[in-house]
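# Structural overview
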2 protein chains.
Amino acid sequence: MKVYYCNLEVTMEVIGGKWKGLVLYYLMKGPKRTSELKQLVHGITQKMLIQTLRELEADGLVSRKMFNQVPPRVEYSTTELGQSLEPVLRALCQWGDGYADKTFAEGEFQILNNEF
Amino acid sequence: MKVYYCNLEVTMEVIGGKWKGLVLYYLMKGPKRTSELKQLVHGITQKMLIQTLRELEADGLVSRKMFNQVPPRVEYSTTELGQSLEPVLRALCQWGDGYADKTFAEGEFQILNNEF
DNA sequence: CAGCATCCAGTCGGATACTG
DNA sequence: CAGTATCCGACTGGATGCTG
């Protein structure tokens, strides 16, 4: 039996790690093809993208739709459960915004995608 | 210059990782001594506790107060900036609560600390 | 009590090459 | 285009022993 000592752990297990939050962030705005995601999530490698998507799928936050075409076409989108994370991710983004303003010195950082 | 591609990254850099969120979670309820934290944050080792506290301190979320006593006494508490994470952590907890209810099968999990 | 140093296993994640 | 396989370095985090 899996034991958690706080609900925080549950959530972090699902959106923690380097890429999960970001991938979800973009999928929430609408379904995306694999290649689109690869461009949107700056710096992610193919391996990590696929791996991240598989994990999100296993956790029921993302669904995968395959079209029988050549060349192959695959679309990912958030499930209802995944979409329910929207206010959470929004809160994380907003806090990060405020934190960056207060903490980082001018010219020492840059945030390229601000709006949720 | 440090570049972020989304504010999400900023926040995750600060509260991501295995222990940071949990330590903050308990500190938000009030100042704690090192030994208290070690008991509250179930499963954390001394090394990780200290390391986590140092990182939170460096990020300006936690402050460290030392009393000149023998035996030594050290107290940690959240700064104003750290306290501002309260709604964020609360959102993470609440979502985890709902997720666990919907997703986990009865008797396959246990959450020992539910209330924020 | 609070903290540091050391050692070490496991995981994470990046680079690259390859398949249908 | 979407995905897999492999290799490997770097980092995370745990165990233990020691200091003031």
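Everything below is about the structure printed above this text.
The following paragraphs examine the structure supplied in this document. Everything numeric in this text was worked out from a predicted model, so none of it was measured. (Residues numbered from 1 in each chain as written. Chains lettered and ligands numbered in written order. Predicted model: local features only at pLDDT ≥ 70, side-chain atom pairs only at ≥ 80, totals over all residues. Heavy atoms only, no water.)

### Considerations on the sheet that holds strand β4 (residues 73-78) of chain A
The strands that make up a sheet are held in pairs by hydrogen bonds between backbone atoms, and each pair lies either parallel or antiparallel. Residues and elements named next belong to chain A. The cut-off we apply is this: Paired strands, as defined in this entry, are two strands with at least two bridges between them according to DSSP. In DSSP terms, a helix is any run of H or I states spanning at least four residues, a strand is any run of E spanning at least two, and both are numbered starting from the N terminus. Here, residues are in contact when the closest pair of their heavy atoms is within 4.5 Å. To get an axis, fit a line to the C-alpha atoms, keeping to the stretch in contact for a helix; angles then go from 0 to 180 degrees between the N-to-C directions.
Spatial strand order, β2-β4-β3: three strands in an open sheet with antiparallel pairing. Two strands in the sheet have a free side with no partner beyond their single neighbour: β2 (32-33) and β3 (62-67). Relative to β4, β2 runs antiparallel, the two sharing two bridges. Looking at the pairing, Lys32 lines up with Tyr76 of β4. Those strands touched by helix α2 (residues 20-27) are β2, β3 and β4, and its axis lies near 95° from that of β4. Sheet contacts for helix α4 (residues 46-58): β3 and β4; angle to β3, the most-contacted strand, approximately 115°.

### Examining the relation of the copies chain A and chain B
Applied cut-off: When the copies are superposed, the least-squares fit draws on C-alpha atoms of residues that have pLDDT of at least 70 in both.
Overlaying chain A on chain B yields an RMSD of 0.0 Å, the required transformation being a rotation through 180° with an accompanying axial translation of 0.0 Å. Both copies are brought into coincidence by an operation consistent with a two-fold rotation axis. For chain A, the smallest separation between a C-alpha atom and the rotation axis is recorded for Gly16 of chain A, amounting to 3.3 Å. Looking at chain A, 100% of its interface residues are interface residues in chain B too, so the copies touch through the same face.

### Re the packing of helix α6 (residues 86-103) of chain A against helix α6 (residues 86-103) of chain B
The cut-off we apply is this: Geometric relationships in this document are graded by angle, where less than 35 degrees denotes roughly parallel, more than 145 denotes roughly antiparallel, 65 to 115 denotes roughly perpendicular, and other angles denote oblique. Each helix crossing is assigned a hand: it is left-handed if the near helix lies turned anticlockwise from the far helix by less than a right angle, otherwise right-handed if that turn is clockwise. Three classes are used, and their members are as follows: Ala, Val, Leu, Ile, Met, Phe, Trp, Tyr, Cys and Pro are nonpolar, Asp, Glu, Lys and Arg are charged, and the others, Gly among them, are polar.
Running from amino to carboxyl end, α6 of chain A crosses α6 of chain B at an angle of 160°, the nearest separation of the two axes being 9 Å. Between α6 of chain A and α6 of chain B, the interaxial angle falls into the category roughly antiparallel. Between α6 of chain A and α6 of chain B lies a crossing of left-handed hand. The residues of α6 of chain B that touch α6 of chain A, namely those facing Val88, Ala91, Leu92 and Trp95 of chain A, are Val88, Ala91, Leu92 and Trp95 of chain B. Tallied by class, the residues present in the contact of α6 of chain A with α6 of chain B amount to eight nonpolar, no polar and no charged.

### What about the interface of chain A and chain B?
Reports of interface size often rely on the accessible area that becomes lost once the parts have come together. For the record, the criterion: As a working definition, buried area equals the accessible area (1.4 Å probe) given up by two parts on being put together, with both sides summed. What counts as a salt bridge is simple: a side-chain nitrogen of Lys or Arg found within 4 Å of a carboxyl oxygen of Asp or Glu. Pairs of N or O atoms are called polar contacts if they sit within 3.5 Å, as long as, within protein, a hydrogen donor faces a hydrogen acceptor (for residues adjacent in sequence, only side-chain-to-side-chain pairs).
Contact with chain A, which involves 45 residues of that partner, is made by 45 residues of chain B. Of the roughly 4200 Å² buried where chain A meets chain B, counting both sides, 71% is carbon and sulfur surface. Contact with chain B buries surface across chain A, with Tyr5, Asn7 and Trp95 of chain A losing the most and accounting together for 18% of the total. Inspection of the region where chain A meets chain B yields zero salt bridges. At the junction of chain A and chain B, the tally comes to 19 residue pairs in polar contact (both at pLDDT 80 or more). Counting only elements with at least two residues in the side of chain A that touches chain B, the list comes to β1 (2-4), α1 (7-15), α2, α6 and β5 (109-111) of chain A. Considering every element that reaches the side of chain A that touches chain B, the biggest residue donor is α6 of chain A, with 11 residues.

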